[in-house]
Every structure is written in C-alpha cells, then in structure tokens.
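# Observations on the three-dimensional arrangement
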Amino acid sequence: MVDTKVTLSGIEFSNPVMAASGTFGYGYEYAELFDINKMGSFSFKGTTLEARFGNPTPRIAECPEGMINSVGLQNPGVEAVINEELPKLKKCFSKPVIANIGGFSIDEYVAVAEKLDKEEQVGILEINISCPNVHGGGLAFGTDKNMAAEVTKNVKAVTTKPVYIKLSPNVTDIVEIARAVEDAGADGISMINTLLGMRINLKTKKPVIANKMGGFSGNAILPVALRMVYQVYEAVNIPIIGIGGISRAEDVIEMMLAGASAVQIGAANLINPFVCSEIVDNLPKVMQKYDIQSLKDIIGGAHNG
Ligand code: SIN
C-alpha cells in the first residue's frame, strides 16, 4: 500500500493532485462528473473585488500540445463568490479549498484576502500576481520583485491562512521573485502561470485572440515548468505547488522530483474533464512501478547526489 499523502503549510492532503485555477470553476460543475473529493484539493477561479466580464472574444486559441487563453479574470466578484459559489461548493466538497485571488492594486488584493480569510473552507490563499491578460494588473506585480514582495507583505498582514504566491514565468529570473516573496513572508509558491504567446489566423492575417496575446498552457510547457520549479526549489525553503503541462501521473512524480510538494493540473481539464480523477486513480500504480512507497519522500529527489 503506497502513501500518496502530502502536507502544505500544516494542512494534510490525501494526495498532491489539485486542479488549477481557471480550469475548474468553483468545483460544483465537475462534481456532476465525478466525486471531486478524491482530489487533494483544487484552486477556484481567480476572484477579484468586483465582478468582471473579462476580455473581448475570441479569447481562446488552440495550439498543438496546448492552448492560449486571454480570459481576463472573468469572475462574479468576491461577495458573490462568498454568498453564492462557496455554499454550492460546500455541498459537494468537504476538504480545504485553495482560494485564488486576482487584483489590480495592493488594496484590492488585501480587501479580497481579508474577506476570504473569514471563510472556513478556504485552506490556502493563492495570490495571483501573474495573470498575463490584464493590462496594468497582476503581471506588473509578478515581474517586479519589490512589488511582488509588497503584495505578499500586505496580504500576510490581514490573514492567518497560509499565503501562496502564484508566479509568472514571463520574467528573466524567476528565482529572484521567489526569493523576494519568501523574504516578505510567503508561506509557499505556486508556479508557473502561463507563458505569454500568440497565434495569427492565416485567412484574416490578424491575431486569433482579440487582445492579440494571451497565456500559453498545456503539455508543451511541462519542461519549462519543471526547469523553473527545479531552480526555485534550490533557492527557497517554502513549499512549491508545481503547475504547467501536467496531464499524467508520471508528470506528477516528475514535478515532485523537481521539488514540488503538490501539483495543479490546468489545461488538461479542458481536454478531458476526468483527467484529475484518472491521475488520482493511476498514481498508486505508477508509484509502484517506480518503487516509490511515499510521495513525501520524493519531493526534490532529483537534487540529491
Ligand atoms: C485569466 O483569467 O485571464 C487567466 C488567469 C491567469 O492566467 O492568471
């Protein structure tokens, strides 16, 4: 019997498999397809202070081995999340959930964090300073180490819940941003968000996405995400949630060997809504195949020796 349990900031999860923000709504739609309690947890759709319609359409472009999105933080706003979405989630999910928070200013991050801090089911606050789809928004915070630290410090001051900062890969040196948020008090890091990309329609000869560019995710980015998790693991002493291109139990193990304590699955949910369920089912078999008794023991294993 293998042990799939992992711990993040004192919270134990039955396994490291979590759905990534923006690919799993507020959970209850997926609960119609499978028992979402079999996942370790999931991160709900990035929530801002006010409701947002998001960016103009088209805002999705398909790519080989991935996709580009420019959703623009569409969400109903934090009050509606607390009053309408979380009560529905509570009926189908009994575990601590990760609350993903978006913002356009430090005050906004703080205000949303303060409100979600009072929600019992929220286990971790995941602060998205890396959305590539909103001008003057989160990306600015995620690409500047001083601003990243400032957001972290201010959010930490208003919550007792663990604060994880979601980092952007669209920087020259992700390690310096990781170090800055750790120094500012972050309890953990989620990484990576999407890579800035674009497609051009040959018939119209114009960008496919209305906003021209968007965030590229999917299988193709796994090697980039692994490389960055590996580098950041060597530089910080806080847990990392590894994100980027994961679609199989083997990818989960690879990401944990690089240094992740848990993982999030994003784009793969949009291709196969059962993928998280299938990964949870396959994980023990793949662990046995590679002679792994406990997932906790392999975190950062690729760094030894
Ligand atoms: C979006 O809503 O634009 C995606 C969120 C993100 O990439 O952080």
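Higher on the page you've got the structure.
Here's a quick rundown of the structure. (Residues numbered from 1 in each chain as written. Predicted model: local features only at pLDDT ≥ 70, side-chain atom pairs only at ≥ 80, totals over all residues. Heavy atoms only, no water.)

### Quick word on the sheet that holds strand 6 (residues 66-69)
In space, the four strands of this open sheet follow the order 5-6-14-11, with antiparallel pairing throughout. The strands lining the two open edges of the sheet, one partner per strand, are strand 5 (60-63) and strand 11 (195-197). Each strand of the sheet is rotated relative to its neighbour by a mean of 35 degrees, with strand direction disregarded. (Pairing = 2+ DSSP bridges. Helix = DSSP H or I, 4+ residues; strand = E, 2+ residues; numbered from the N terminus. Axes fitted to C-alpha atoms, helices over the stretch in contact; angles between N-to-C directions.)

### A few points about the sheet that holds strand 10 (residues 188-191)
Reading across from one edge, 4-3-16-15-10-9-8-7 is the order of the eight strands in this open sheet, with parallel pairing throughout. Two strands bound the open sheet, and with one partner strand each, they are strand 4 (41-42) and strand 7 (97-101). In this sheet, strand 4 lies alongside strand 3 (residues 17-19) in parallel orientation, the contact comprising two bridges. Across the sheet, the residue bridging to Met-18 is Ser-41, located in strand 4. Contacts from helix 9 (residues 275-289) reach strand 3 and strand 16 (262-265), with the element oriented near 175 degrees to strand 3. (Contact = heavy atoms within 4.5 Å.)

### Observations regarding the pairing of strand 6
Of the two faces of strand 6, the one carrying Gly-66 and Ile-68 and the one carrying Met-67 and Asn-69 are both buried. Where strand 5 lies against strand 6, four bridges are found, and the strand directions are antiparallel. Directly across from Ile-60, in strand 6, lies its bridge partner Asn-69. The turn joining strand 5 and strand 6, which pair antiparallel and follow one another in sequence, is formed by two residues; a positive phi near 60 degrees is taken by Glu-65. Relative to strand 14 (residues 214-217), strand 6 is paired through three bridges, and the arrangement is antiparallel. Bridge pairing links Asn-69 to Gly-215 in strand 14. (Buried < 20%, exposed > 50% of the residue type's maximum accessible area, 1.4 Å probe, protein only.)

### So, the side chain of Asn-128
Within the secondary structure layout, Asn-128 lies in strand 8 (residues 122-128). Side chain to side chain, Asn-128 and Ser-130 meet in a polar contact 2.9 Å long. Discounting chain neighbours no more than four positions away, the residues touching Asn-128 are Leu-73, Asn-100, Ile-101, Gly-102, Tyr-109, Lys-166 and Asn-193. (Polar contact = N/O pair within 3.5 Å; in protein donor to acceptor, adjacent residues only side chain to side chain.)

### Regarding the pairing of strand 9 (residues 163-166)
Across the two faces of strand 9 the burial is the same, with Val-163 and Ile-165 and Tyr-164 and Lys-166 all buried. As judged from the three bridges shared by strand 9 and strand 10, these two strands associate in the parallel manner. Paired with Tyr-164 across the bridge in strand 10 is Gly-188. Remark: the strand 9/helix 5 (residues 174-183)/strand 10 crossover connection has right-handed handedness. (Right-handed = clockwise from strand over helix to strand, strands pointing away.)

### Here we look at the site of the ligand
Inspection of the region around the ligand gives Lys-45, Asn-69, Val-71, Gly-72, Leu-73, Asn-128, Cys-131, Pro-132, Asn-133 and Asn-193 as its neighbouring residues. Taking 260 Å² as the accessible area of the ligand by itself, protein coverage stands at 90%. Assessed atom by atom at 2 Å from the grid points, the ligand resides in the largest pocket. The residue makeup of the shell around the ligand, split by class, is four nonpolar, five polar and one charged. (Near = heavy atom within 4 Å. Areas by Shrake-Rupley, 256 points an atom, 1.4 Å probe, with all protein chains shown as cover. 1 Å grid on protein atoms, 1.4 Å probe; cavity = no way out; pocket = protein on both sides within 12 Å on 5 of 7 lines; lining within 4 Å. Sits in = over half its atoms within 2 Å of the grid points. Nonpolar A, V, L, I, M, F, W, Y, C, P; charged D, E, K, R; others polar.)

### Re the layout of surface pockets
In this structure, the largest pocket encloses a volume near 720 Å³. What lines the largest pocket is a set of 42 residues, and nearest its centre among them are Ser-21, Gly-22, Thr-23, Lys-45 and Asn-69. Of all the secondary-structure elements, those providing two or more residues to the lining of the largest pocket are strand 6, strand 16 and helix 8 (267-271). With four residues, helix 8 is the single largest residue contributor to the lining of the largest pocket. (Points joined across faces, edges and corners; volume = space filled by probe spheres on them.)

Any link to function would need more than the numbers given here.
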